[in-house]
There are 2 protein chains.
Amino acid sequence: MWFTEHFTPNVKFSIKIKEELVNLKSEYQTIAVYESEDFGRILVIDGFLMLTEKDEFIYHEMITHVPMAVNPRIKDVLVIGAGDGGTVRELIRYPSIERIDMVEIDEKVVEVCRRYIPQTAGKLDDPRVRLLFMDGVKFVADKESEYDLIIVDSTDPFGPGEGLFSSAFYADCHRALKGQGILVNQIGGPYYASDIQAAQSAYRKIKRIFPVARVYQAHIPTYASGHWLFGFASKGLDPVRDLRADEWNRLGLQTQYYNTSLHLGSFALPNYVEQLLKEGE
Amino acid sequence: MWFTEHFTPNVKFSIKIKEELVNLKSEYQTIAVYESEDFGRILVIDGFLMLTEKDEFIYHEMITHVPMAVNPRIKDVLVIGAGDGGTVRELIRYPSIERIDMVEIDEKVVEVCRRYIPQTAGKLDDPRVRLLFMDGVKFVADKESEYDLIIVDSTDPFGPGEGLFSSAFYADCHRALKGQGILVNQIGGPYYASDIQAAQSAYRKIKRIFPVARVYQAHIPTYASGHWLFGFASKGLDPVRDLRADEWNRLGLQTQYYNTSLHLGSFALPNYVEQLLKEGE
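For clarity, every value in this text was computed on a predicted model and none was experimentally measured.

Student: Give me the lowdown on the packing of aromatic side chains, citing residues and values where you can.
Tutor: According to the stated counting rule, one finds 31 aromatic pairs over all chains in the structure shown. Look at Y191 of chain A and Y192 of chain A: their rings are 5.0 Å apart centre to centre, the planes differ by 80°, and that puts the pair in the edge-to-face class. Accessibility expressed as a relative area gives 3% for Y191 of chain A, which makes it buried. Centre to centre, the rings of F232 of chain A and F267 of chain A are 6.2 Å apart; their planes meet at 80°, and the pair counts as edge-to-face. One end of the pair, F232 of chain A, is in strand β12 (residues 227–234); the other, F267 of chain A, is in the loop between α9 (260–266) and α10 (271–280), with 35 residues separating them in the sequence. Classification of F267 of chain A as buried rests on a relative accessible area of 4%. Three or more aromatic residues link up through ring pairs in this structure, and these residues are Y59, Y216, Y223, W228, F230, F232 and F267 of chain A. Over the aromatic face of W2 of chain B sits the side chain of K12 of chain A, whose NZ or CZ is 4.1 Å from the ring centroid. In this structure, K143 of chain B is placed above the aromatic ring of F139 of chain B, and the distance from its NZ or CZ to the ring centre is 4.0 Å.

Student: Go over the packing of helix α7 (residues 193–209) of chain A against α10 of chain A, please, and point to the residues and values.
Tutor: Residue and element names in this part refer to chain A. One way to put it is that α7 packs onto α10 with a least axis distance of 8 Å and a crossing angle of 60°. The orientation of α7 relative to α10 falls into the category oblique. With respect to the hand of their crossing, α7 and α10 are arranged in right-handed fashion. Within the contact between the two elements, α7 uses I196, A199, Q200, Y203 and R204 and α10 uses L276, L277, E279 and G280. Looking at side-chain class alone, the contact of α7 with α10 contains 5 nonpolar, 2 polar and 2 charged residues.

Thresholds, definitions, all that
- Residues numbered from 1 in each chain as written.
- Chains lettered and ligands numbered in written order.
- Predicted model: local features only at pLDDT ≥ 70, side-chain atom pairs only at ≥ 80, totals over all residues.
- Heavy atoms only, no water.
- Phe/Tyr/Trp six-rings, centres within 6.5 Å; stacked < 30°, edge-to-face > 60°.
- Buried < 20%, exposed > 50% of the residue type's maximum accessible area, 1.4 Å probe, protein only.
- Helix = DSSP H or I, 4+ residues; strand = E, 2+ residues; numbered from the N terminus.
- Lys NZ or Arg CZ within 6 Å of the ring centre and 35° of its normal.
- Axes fitted to C-alpha atoms, helices over the stretch in contact; angles between N-to-C directions.
- Parallel < 35°, antiparallel > 145°, perpendicular 65-115°, else oblique.
- Left-handed = near helix turned anticlockwise from the far one by under 90°.
- Contact = heavy atoms within 4.5 Å.
- Nonpolar A, V, L, I, M, F, W, Y, C, P; charged D, E, K, R; others polar.

By themselves, these observations are geometric and do not establish any function.
What follows is the structure in structure tokens.
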């Protein structure tokens, strides 16, 4: 048995499956977990691969430690989406963080991950974490100067995650952030046409709202093209100039992917990626 | 019709094919070119994807411009393998280069690429290029202080390319290089087990022979995991400290992937890659 994801109608990536552990339909989407031969357990939502136990560390480290190393004194964090729990797992490693509000629209994702993927969901019971099962777009609409960091760890820009890629939502995030606030989100890949449009659109919208808007990249082997992009937006902090490398390194966090040299390198995009972001503006 | 490459027995990547343009068996290997739906023409050797017209620029820019930007005054270059011509296409853009010896074991690869993939093979008639159809291992065995740069643009470390991953060959390259010489080679990916072993083995051998031995990376969407590694070895020049960014930028070369910021970033490896290279030593 194989799980297959089509990157385009003409490109597909397939993973051999040992066993289907769960496959259910929630109010919002289909959620499945499979035991794979090579990647450990994999989470699939609406037919798209969300994570594998083998390489989820890359995504979760890069969406978390990049903003934290720019401002290691972050206290109040809002996480939107992230139902698998991997982002929270990384965040709670920072003693300085006092509050993590995690707003996931689909409680079933959390239920499934708590049961089948404890590798990511095992730290959701940390006392600093407040789990809210509601639409992140609605949650953030009435917040003002509450958070130091907002991480939008969403599915793709269609289906239940669509609103998390809208200008109105980004404007609400801007207002919800404190003066030194940072917004980080996953914006897709730079290689296949549909991903490119999504990344361009997200970047264009964020750039109109935030004075600092940059894009960084990571090697994520099981995502389309293996080249994934994240948006880094802020009210002033620059992810390269303001990197607190020494301060972050003194925290002594062990990471498998992230380091502060790679942090700088992750903002050095290939020319063709710079070009497509510029064309999208 | 689909072309499928197995990254492992349990992971496969498939590309939809419009038409098979050629499929032949040379003295050394099977060589096929297909017209694909999304990637233009693709070159397949012994069942492994060697290049696609859509993303070959990444591999060829990164194997060429990284060493050239460390020493933009390189004059004498030896290229081993590289039968598709893409590496030579990038090299001949440097007016300073006086001689390119390209040693490819399999004349049929060049014939096929000249006919079916002019995008890469179209510059092999440059007067500075001397094409030699012989075993690169034998060619380099009696050379001494002849080259400023050796690029080993090989297939994988089995089959006809196997000797290009041996300690004896690397020692011959060391001797064939001048005092400021640089050796660059592709050493595979860091993610799937068989690739990891190949990369570890290549790095270990090179490190024992060259005083400077570093590894850099690129995002290559159609190679296994999309994360590809290159070895940079030299008799003294350091790829980061000795980068001649201003000098290279003054050349005014237009590139689609490479730039001198990315050059630095490409040497900032993820922790897990640093770790596996260290374990292999």
